[in-house]
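# An overview of the molecular structure
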Amino acid sequence: MPQKLKGEVGNWVSGDRFWGREQDIASFAQFLDEGAHLLLVAPRRMGKTSLMREVARRIEHRFTCLFLDLERGSTAADAIVELSLAARPHAGLAKRMGEVFRSIGGIFDEIQIDDLKVKLHDALAGDWQTKGDRVLNVLAEQDRGTVIFIDELPILVNRLLRPEGHHITSAGKAAADQFVSWIRAAAQRHQGRVRFVVSGSIGLTPVLRQAGLSATMNSFTPFDLAPWDWETAKGCLLALASNYDLDLSDPAVGRILTRLGCCIPHHVQMFFSHIYEDARHRGTLVCSTSDVDRVYARSEEHTSELQSRQCI
């Protein structure tokens, strides 16, 4: 029986919804086993968050894995709050975090998240570095090691650099330098006990380069995430077709991949979604090469129309 895959467009995936990338996962895990700190590099829609989530799922029996999403963050304190919250679900860590934030103490794992965020920000006021160091000290004491996955760090750094929204300021550069240098120092201080993995929808290196801060992350190993090769993309399309009972011939698959040119995971799955909806509207779950061409042309027209509207 052909392998089946349920469509998931726009969200990160893991487990039985994660497709391909076995070699990437093996290399990623090997780097972490060797104690490396990683800078995950790839264009948008390549599946960076999904890769981090899937790696975390596969190594969680060997490491304490914490996942931070800093997309809404704007200060260094926000990052420490998210790190502290990420530790809360892990056995034993909630109590230790309560010891770090003594004003919260024994209610660290009982209080509502929103209330806890407020209390953590109050506790960090004026001294996020000291408390951040204590949080990392706790994580470094874990017997099996800790991996901290930080998603959207570049967005937070960019906001630090541009506190007024548009231009880099001297105060913003100082704040960004202080925060990123703190991460680098922590990575060096806890080498072999804590691993950092950093990624984001915008590149961290270009953001730091604009402010002349590129050297602050030179201890991180770049990990390039490439598009799928054709065989991986083809397997994904056939697994999706099998799950949705769509008759997708080899020539039609080939035409999809030719039309796409570059097999970015999100684009592959989005194209399949359009093709499947087209087949449903036609009342027959069969897709030919001419159907692929028609759906592609219609998608191009729709994209051009949206772009023209945005320019008005």
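Predicted, not measured: the structure shown is a model, and the values here were computed from it.

## What to know about the overall build of the protein
Broken down by element type, the protein carries 13 helices and seven strands. Dimensions of the protein, computed from the C-alpha atoms along their principal axes, are close to 65 × 50 × 35 Å. For the protein, the proportion of its 312 residues judged to be buried stands at 46%. For the protein, the exposed surface amounts to about 15,600 Å²; the carbon and sulfur share of it is 48%. When the 37 basic and 39 acidic side-chain charges of the protein are each reduced to a single mean position, those positions are 2 Å apart.

## Points about helix 7 (residues 153-161)
Judged by how many residues are buried, helix 7 sits mostly within the fold: seven of nine residues are covered. Among the residues of helix 7, Leu153, Pro154, Ile155, Leu156, Val157, Leu160 and Leu161 are the ones counted as buried. Looking at the buried side of helix 7, the elements it contacts are helix 3 (76-87), strand 3 (146-151), helix 8 (170-189), strand 4 (194-199) and helix 9 (204-210).

## Considering the layout of surface pockets
Any space left empty among the atoms is revealed by the rolling of a water-sized probe across them. Within this model, the largest pocket holds a volume of roughly 690 Å³. Considering the residues around the largest pocket, the lining is formed by 31 residues, among which Asn11, Trp12, Gly47, Thr49 and Ser50 are closest to the centre. Mapped onto the lining of the largest pocket, the elements with two or more residues apiece are helix 2 (48-59), strand 2 (64-69) and helix 12 (265-282). The element contributing the most residues to the lining of the largest pocket is helix 2, with four residues. Of the residues assigned to the lining of the largest pocket, the class counts are 10 nonpolar, 10 polar and 11 charged.

## Structural notes on the pattern of salt bridges
All chains considered together, the criterion is met by 17 salt bridges. Across the pair Asp33 and Arg62 runs a salt bridge whose closest N-O atoms are separated by 2.5 Å. You can see Asp33 sitting in helix 1 (residues 22-33) and its partner Arg62 sitting in the loop between helix 2 and strand 2, a full 29 residues away along the chain. We classify Arg62 as partly exposed; its relative accessible area is 30%. Close ionic contact of Asp278 with Arg294 constitutes a salt bridge, the shortest N to O distance being 2.5 Å. One end of the pair, Asp278, is in helix 12; the other, Arg294, is in helix 13 (residues 289-311), and 16 residues separate them in sequence. The buried category is assigned to Asp278, whose relative accessible area is 6%. Judged by its relative accessible area of 33%, Arg294 is partly exposed. Sharing partners across several salt bridges, the network here consists of Asp278, Arg282, Asp291, Arg294 and Arg298.

## Here's the deal with the pairing of strand 4
Here is the key point about a regular strand: its side chains alternate between the two faces of the sheet. Among the six residues in strand 4, six count as buried, and that is most of the element. Of the two faces of strand 4, the one holding Val194, Phe196 and Val198 and the one holding Arg195, Val197 and Ser199 are both buried throughout. Relative to strand 4, strand 1 (residues 38-41) runs parallel, the two being bridged by two bridges. Counted as the bridge partner of Leu39 is Val198 from strand 4. Pairing analysis gives six bridges linking strand 3 to strand 4, with the strands arranged parallel. What sits directly across from Asp151, in strand 4, is Ser199.

## Notes on the side chain of His190
When you line up the elements, His190 lands in the loop between helix 8 and strand 4. With residues near it in sequence (within four places) discarded, His190 still touches Leu136, Asn137 and Ala140.

## Looking at the nonpolar core
For soluble globular proteins, nonpolar side chains are generally found buried alongside one another. In this structure, Phe101, Leu139, Ile148, Leu153, Val157, Phe179 and Phe196 are the most contacted members of the largest nonpolar core, which totals 55 residues. Counting residues per element, this core draws most heavily on helix 3, which supplies nine residues.

## A word on the pairing of strand 1
Pairing between strand 1 and strand 5 (residues 221-224): four bridges, direction parallel. For Leu40, the partnering residue across the bridge sits in strand 5 and is Phe223.

## Quick notes on the environment of Val100
With respect to the secondary-structure elements, Val100 resides in helix 4 (residues 93-100). When its relative accessible area of 8% is taken as the criterion, Val100 is described as buried. Put simply, Val100 and Asp293 are 193 residues apart on the chain and 60 Å apart in space, counted from C-alpha to C-alpha. With sequence-adjacent residues up to four places away left out, Val100 is seen in contact with Lys131, Arg134, Val135 and Val138.

## Focus: unusual backbone geometry
Here the phi dihedral of Arg21 falls at roughly 70°; this positive angle occurs in a residue that is not glycine. Turning to its location among the elements, Arg21 is positioned in the segment before helix 1. In this model, Asp245 sits at a positive phi of 55°, which is unusual for a non-glycine residue. Within the element layout of this structure, Asp245 appears in the loop between helix 10 (230-243) and strand 6 (247-248). A relative accessible area of 57% places Asp245 in the exposed class.

The rules behind the values
- Residues numbered from 1 in each chain as written.
- Predicted model: local features only at pLDDT ≥ 70, side-chain atom pairs only at ≥ 80, totals over all residues.
- Heavy atoms only, no water.
- Helix = DSSP H or I, 4+ residues; strand = E, 2+ residues; numbered from the N terminus.
- Buried < 20%, exposed > 50% of the residue type's maximum accessible area, 1.4 Å probe, protein only.
- Areas by Shrake-Rupley, 256 points an atom, 1.4 Å probe, with all protein chains shown as cover.
- Lys, Arg positive; Asp, Glu negative; His and termini not counted.
- Charge placed at Lys NZ, Arg CZ, Asp CG, Glu CD.
- Contact = heavy atoms within 4.5 Å.
- 1 Å grid on protein atoms, 1.4 Å probe; cavity = no way out; pocket = protein on both sides within 12 Å on 5 of 7 lines; lining within 4 Å.
- Points joined across faces, edges and corners; volume = space filled by probe spheres on them.
- Nonpolar A, V, L, I, M, F, W, Y, C, P; charged D, E, K, R; others polar.
- Salt bridge = Lys/Arg side-chain N within 4 Å of Asp/Glu carboxyl O.
- Pairing = 2+ DSSP bridges.
- Core = buried A, V, L, I, M, F, W, Y, C linked by side-chain atoms within 4.5 Å.

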